[in-house]
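So the chains spell out like this:
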Amino acid sequence: MQTKIIANKYYDNNQSDNNHSLAADTKPWNDKNAKPFVRIKNISKVFGNVAALDNVSLDIYKSELFCLLGKSGSGKSTLLRILAGFEKSSTGIIEIDGQNMENIEPYERPINMMFQSYALFPHMNVEQNIAYGLKRSGMKKAEISQNVEQLLSLIKMEGYNRRKPHQLSGGQRQRVALARALARKPKLLLLDEPLGALDKKLRQETQFELINIQETLGITFIVVTHDQEEAMSLATRIGVMEEGTIAQVGEPREIYEYPATRFVADFVGSINMFEGKVIKNEAADLRINSPELDVNIHVANNIACALGQTLWFAIRPEKITLQKEKPKKRSNFAKGIVEEIIYLGDVSNYRILLNSKKRINVTRPNISRDEKEKISWDEEIYAVWHENSGVVLAS
Ligand code: ADP
Ligand code: MG
């Protein structure tokens with residue numbers, strides 16, 4: 001709480017809008033009349049014969065913590081560098097707060113960027129590192145030290161003023177770099193793999209801090225990451241990148257529950273996928289025959305498709321249940337043998353070898369400690385799902 005109050009003093013020019021707790025109907029991306037803060041229109045970037053970005057369009061709203069998620073080489077850093085003005089796009093327009101950035105130099109843009117290697121100046125102490133940009137802007141000494149104190153409080157590192165970078169932990173260095181990037185009060189902060197140098201536990205802690213700081217300040221963050229869990233826990237919305245294009249944009253839950261393509265379904269979380277052909281296509285009744293299953297797939301939520309068309313049915317491991325007795329229904333299950341069980345404490349992961357020789361993954365919460373409920377290796381089992389539990393993908 002204390003951090004919030006102090007931080008609001010530092011960032012007096014804005015509201016602490018918190019998209020993470022906004023109701024669905026007040027989310028700007030659901031409002032057709034809302035004005036985007038960052039507007040990326042038809043941006044392409046070619047390096048030699050590599051299309052690093054291919055006609056990317058994306059609107060980002062004020063106070064969002066937007067994550068660009070994608071594999072290495074998918075164009076994430078290139079997009080950030082174009083936003084910051086370090087790189088010129090081959091085509092397209094960038095607008096920030098309604099202003100076209102075409103002829104605006106990087107240092108004139110209301111943006112700061114925190115790089116993948118957030119190297120601090122090693123010979124400068126924490127205070128000097130944070131104050132660096134403020135000094136260059138000609139701010140008075142007293143004001144600088146007031147700002148530095150507020151930033152140190154924001155990152156919960158009061159009293160660390162005189163420490164040198166080598167006297168800090170990785171997490172602390174990361175926070176100092178964040179304070180340095182925030183010092184000049186950018187309207188938009190771009191963070192390229194900000195937590196990449198931290199180990200897993202520290203990453204998770206720092207993720208929460210990052211969200212706290214972003215929500216407190218209310219400024220817009222665009223965070224690049226290749227880590228899907230990180231994107232899920234940080235983002236107001238995620239843009240999934242695939243080879244220089246945006247494959248899907250959505251809130252974390254939307255991306256996870258309703259992936260738009262096989263690429264997104266497979267890249268975000270783990271999923272079981274069955275290929276098949278449409279054998280019935282009526283309102284709220286889509287049936288798919290897959291050679292990988294003994295019975296048909298029946299889906300209640302229909303998509304636009306034609307009889308005979310090839311589709312993919314995708315279902316997450318936690319949305320399948322396992323049972324020993326044969327289901328009474330005539331669709332949406334598979335018989336198989338338990339091939340592997342990985343006990344993780346809270347859940348167990350089961351790998352089931354189906355009659356068709358296809359393997360599927362099922363996650364079950366370990367609700368009971370009772371051995372009777374136990375499913376064992378090599379046991380014959382039915383994997384069963386509900387007609388609303390999966391998604392149908394056309395590409
Ligand atoms: P990401 O950040 O998602 O890993 P990048 O934006 O760095 O991806 O790179 C996207 C593609 O553009 C890659 O194929 C990369 O090799 C290429 N690329 C990036 N920067 C340059 C450059 N300065 N010169 C040539 N190719 C580049
Ligand atoms: Mg990169």
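Residues numbered from 1 in each chain as written. Chains lettered and ligands numbered in written order. Predicted model: local features only at pLDDT ≥ 70, side-chain atom pairs only at ≥ 80, totals over all residues. Heavy atoms only, no water.

Draft legend 1. View of the overall build of the protein chain. What the protein chain contains, in helices and strands, is nine helices and 20 strands. By principal-axis analysis of the C-alpha atoms, the protein chain measures approximately 75 × 50 × 40 Å. Per-residue burial over the protein chain gives 49% buried out of 395 residues. For the protein chain, restricting intrachain contacts to residue pairs at least 6 apart in sequence, the fraction spanning at least 24 positions comes to 67%. Considering the protein chain, the positive charge centre built from 53 side chains and the negative charge centre built from 49 side chains are found 3 Å apart. (Helix = DSSP H or I, 4+ residues; strand = E, 2+ residues; numbered from the N terminus. Buried < 20%, exposed > 50% of the residue type's maximum accessible area, 1.4 Å probe, protein only. Contact = heavy atoms within 4.5 Å. Lys, Arg positive; Asp, Glu negative; His and termini not counted. Charge placed at Lys NZ, Arg CZ, Asp CG, Glu CD.)

Draft legend 2. Spatial organisation of the environment of Pro317. With respect to the helices and strands, the residue Pro317 is situated in the loop between β14 (310–315) and β15 (321–323). Given the relative accessible area of 4%, Pro317 is considered buried. For Pro317 and Tyr350, which are 33 residues apart along the polypeptide, the C-alpha to C-alpha distance reads 8.9 Å.

Draft legend 3. A look at helix α2 (residues 76–84). The buried fraction of α2 amounts to seven of the nine residues, a majority that puts the element mostly inside the structure. Of the residues making up α2, those classed as buried are Lys76, Thr78, Leu79, Leu80, Ile82, Leu83 and Ala84. Once α2 finishes, Gly85 follows within two positions and takes phi at roughly 90°, a positive value.

Draft legend 4. Quick peek at the domain arrangement of the protein chain. Domains assigned within the protein chain are domain 1 (3–262) and domain 2 (270–389). The interface of domain 1 with domain 2 comprises five residues on the first partner and five residues on the second. Of the roughly 520 Å² buried at the junction of domain 1 and domain 2 (both faces included), carbon and sulfur atoms supply 50%. Looking at the side of domain 1 facing domain 2, the largest losses of area belong to Tyr256, Glu257 and Arg262, adding up to 86% of the total buried there. Viewed at the interface, domain 2 and domain 1 are joined by one salt bridge. Glu257 is paired through a salt bridge with Lys319; the nearest N and O atoms lie 3.0 Å apart. At the boundary of domain 1 with domain 2, the tally comes to three residue pairs in polar contact (both at pLDDT 80 or more). No other element matches the three residues that helix α8 (residues 252–257) contributes to the side of domain 1 that touches domain 2. (Domains from an automatic or database assignment. Buried area = accessible area lost by both parts, 1.4 Å probe. Salt bridge = Lys/Arg side-chain N within 4 Å of Asp/Glu carboxyl O. Polar contact = N/O pair within 3.5 Å; in protein donor to acceptor, adjacent residues only side chain to side chain.)

Draft legend 5. Examining the nonpolar core more closely. Ranked by size, the top nonpolar core spans 44 residues in total, and within it Ile130, Leu182 and Phe221 carry the most contacts. Ranked by residues supplied to this core, first place goes to helix α5 (residues 170–182) with six residues. With residues up to four places along the chain from it excluded, the contact list for Ile130 reads Val148, Leu151, Leu152, Val176, Ala179, Arg180 and Ala183. (Core = buried A, V, L, I, M, F, W, Y, C linked by side-chain atoms within 4.5 Å.)

Draft legend 6. Main features of the sheet that holds strand β8 (residues 220–225). With respect to topology, six strands assemble into an open sheet ordered β6-β7-β8-β3-β9-β10, the strand pairing being mixed. Both edges of this open sheet fall to β6 (111–114) and β10 (245–250), since each of them pairs with a single strand only. When the angles between neighbouring strand axes are averaged without regard to direction, this sheet yields 20°. Sheet topology note: the strand β3 (residues 65–70)/β8 ladder contains five bridges and is parallel. In the strand pairing of β8, Cys67 is matched with Val223. This element, α2, spans β3, β6, β7 (188–192), β8 and β9 (237–242) of the sheet and lies at about 150° to β7. Along the sheet face, helix α6 (residues 200–217) touches β3, β7 and β8 and points at about 160° away from the line of β8. (Pairing = 2+ DSSP bridges. Axes fitted to C-alpha atoms, helices over the stretch in contact; angles between N-to-C directions.)

Draft legend 7. The pattern of salt bridges, seen in detail. Counting across every chain of the model gives 22 salt bridges. Of the charged contacts, one joins Glu230 and Arg203 as a salt bridge, the two residues approaching to 2.7 Å between their closest N and O atoms. In this pair, Glu230 is assigned in helix α7 (residues 228–234) and Arg203 in helix α6, connecting sequence segments 27 residues apart. When sorted by exposure, Glu230 lands in the same class as Arg203, which is buried. Through salt bridges with shared partners, a single network forms among Lys280, Glu282, Asp285 and Arg287.

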